[in-house]
Amino acid sequence: RGQYVVLFFYPLDFTFVCPSEIIAFDRRLDEFKKRNCEVVSVSIDSQFSHFAWKSTAPKQGGIGNVRFPMVADLTKEIARSYDVLVNDAIAVRGLFLIDKAGIIQHATINNLSIGRNVDEVIRVLDALQFTEKYGDVCPANWHPGEEAMKPSAAGTAEYLAKHS
């Protein structure tokens, strides 16, 4: 509570797409921290597997010493509670943006073979924080510094008239 959280699930340690995502989130961790946002990953692997993976260099199939928590969900209860568990076996690539009150504000699910876009996660976090701060809403493809819309039919019409 009191800060934002990006909670993301990935299938398994020592697999294919997963290290690219975990390393990408770690590389952008400072951007999340600037936005008062913690990044937390979850898989059904043990803490021992996480430690071994973090202790292995990326060139050898590891992820190196990532700086955010990696949760071991051996019982699969967390994955079940977020409805990302497939065949009671592994989690799909679920991602949840949770606000300061603990409410999920954004959720995406990717197939096992499709990696996430960390820049898009930051953009959505920026949009959420902008909306909370100013009350305006963010149109499609909005980025910080761009015009937002008033949350009304008139505001939408005005925005669309300028940007059509």
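None of these values were measured; they are calculated from a predicted model.

Novice: Just checking my understanding: could you explain the sheet that holds strand S2 (residues 37-43) for this structure?
Specialist: Where strands meet in a sheet, backbone hydrogen bonds hold them as pairs that are either parallel or antiparallel. Taken together, five strands build an open sheet; the order of strands is S3-S2-S1-S6-S7 and the sheet is mixed. Of all strands in the sheet, those with a lone pairing partner are strand S3 (70-72) and strand S7 (104-110), marking the two edges. Taken pair by pair, the neighbouring strands of this sheet meet at an average axis angle of 20°, ignoring direction. By the bridge criterion, four bridges tie strand S1 (residues 4-9) to strand S6 (residues 93-98) in an arrangement that is antiparallel. Paired with Phe8 across the two strands is Leu95, which belongs to S6. On top of the sheet, helix H1 (residues 17-27) reaches S1, S2, S3 and S6; it is set at about 20° to S6, its chief contact.

Novice: How should I be thinking about the packing of aromatic side chains in this particular structure?
Specialist: For any two aromatic rings, the description comes down to two numbers: the centre-to-centre distance and the angle of the planes. Under the counting rule described, the total for this entry stands at eleven aromatic pairs. Taking 5.5 Å as the distance between ring centres and 50° as the angle between the ring planes, the aromatic pair formed by Phe9 and Tyr82 counts as tilted. Of this pair, Phe9 sits in strand S1 while Tyr82 sits in the loop between helix H4 (77-81) and strand S4 (85-86), and the two are 73 residues apart along the sequence. Taking relative accessible area as the criterion, Phe9 reaches 0% and is therefore assigned buried.

Novice: Is there a simple way to think about the environment of Phe51 in this case?
Specialist: Considering the arrangement of structural elements, one finds Phe51 in helix H3 (residues 47-54). C-alpha separation for the pair Phe51 and His106, spaced 55 residues apart in sequence, amounts to 29 Å.

Novice: When you look at the nonpolar core in this model, what are you seeing that I'm missing?
Specialist: Ranked by size, the top nonpolar core spans 25 residues in total, and within it Val6, Ile22, Phe25, Phe32 and Phe68 carry the most contacts. Element by element, the count of residues in this core is highest for helix H5 (residues 118-134), at six residues. Counting eleven residues, the second-largest nonpolar core is a separate cluster that includes Leu7, Phe9, Val92 and Phe96.

Novice: What should I look at first to understand the layout of surface pockets in this one?
Specialist: A water-sized probe rolled over the atoms picks out the places where empty space is left. Within this model, the largest pocket holds a volume of roughly 170 Å³. Forming the boundary of the largest pocket are Gln105, His106, Arg123, Val124, Ala127, Leu128, Thr131, Val137, Cys138 and Pro139. For the lining of the largest pocket, the secondary-structure elements that each account for two or more residues are S7 and H5. Considering every element that reaches the lining of the largest pocket, the biggest residue donor is H5, with five residues. Taken together, the residues that form the lining of the largest pocket break down as six nonpolar, three polar and one charged.

Novice: Even after reading the chapter, I still don't get H3, so can you show me in this structure?
Specialist: Given 3.6 residues to a turn, an α-helix orients residues that are three or four positions apart in the same direction. Listing the buried residues of H3 in full gives Ser49, His50 and Trp53. Summarising the axial view, the buried residues of H3 lie within an arc of 100°, below the 170-degree limit, and thus occupy one face. Turned more than 90 degrees away from the buried face of H3, the exposed residues are Phe48 and Phe51. Lining the buried residues of H3 we find H1, S2 and S3.

About the criteria used
- Residues numbered from 1 in each chain as written.
- Predicted model: local features only at pLDDT ≥ 70, side-chain atom pairs only at ≥ 80, totals over all residues.
- Heavy atoms only, no water.
- Pairing = 2+ DSSP bridges.
- Helix = DSSP H or I, 4+ residues; strand = E, 2+ residues; numbered from the N terminus.
- Axes fitted to C-alpha atoms, helices over the stretch in contact; angles between N-to-C directions.
- Contact = heavy atoms within 4.5 Å.
- Phe/Tyr/Trp six-rings, centres within 6.5 Å; stacked < 30°, edge-to-face > 60°.
- Buried < 20%, exposed > 50% of the residue type's maximum accessible area, 1.4 Å probe, protein only.
- Core = buried A, V, L, I, M, F, W, Y, C linked by side-chain atoms within 4.5 Å.
- 1 Å grid on protein atoms, 1.4 Å probe; cavity = no way out; pocket = protein on both sides within 12 Å on 5 of 7 lines; lining within 4 Å.
- Points joined across faces, edges and corners; volume = space filled by probe spheres on them.
- Nonpolar A, V, L, I, M, F, W, Y, C, P; charged D, E, K, R; others polar.
- Arc of directions from axis to C-beta.

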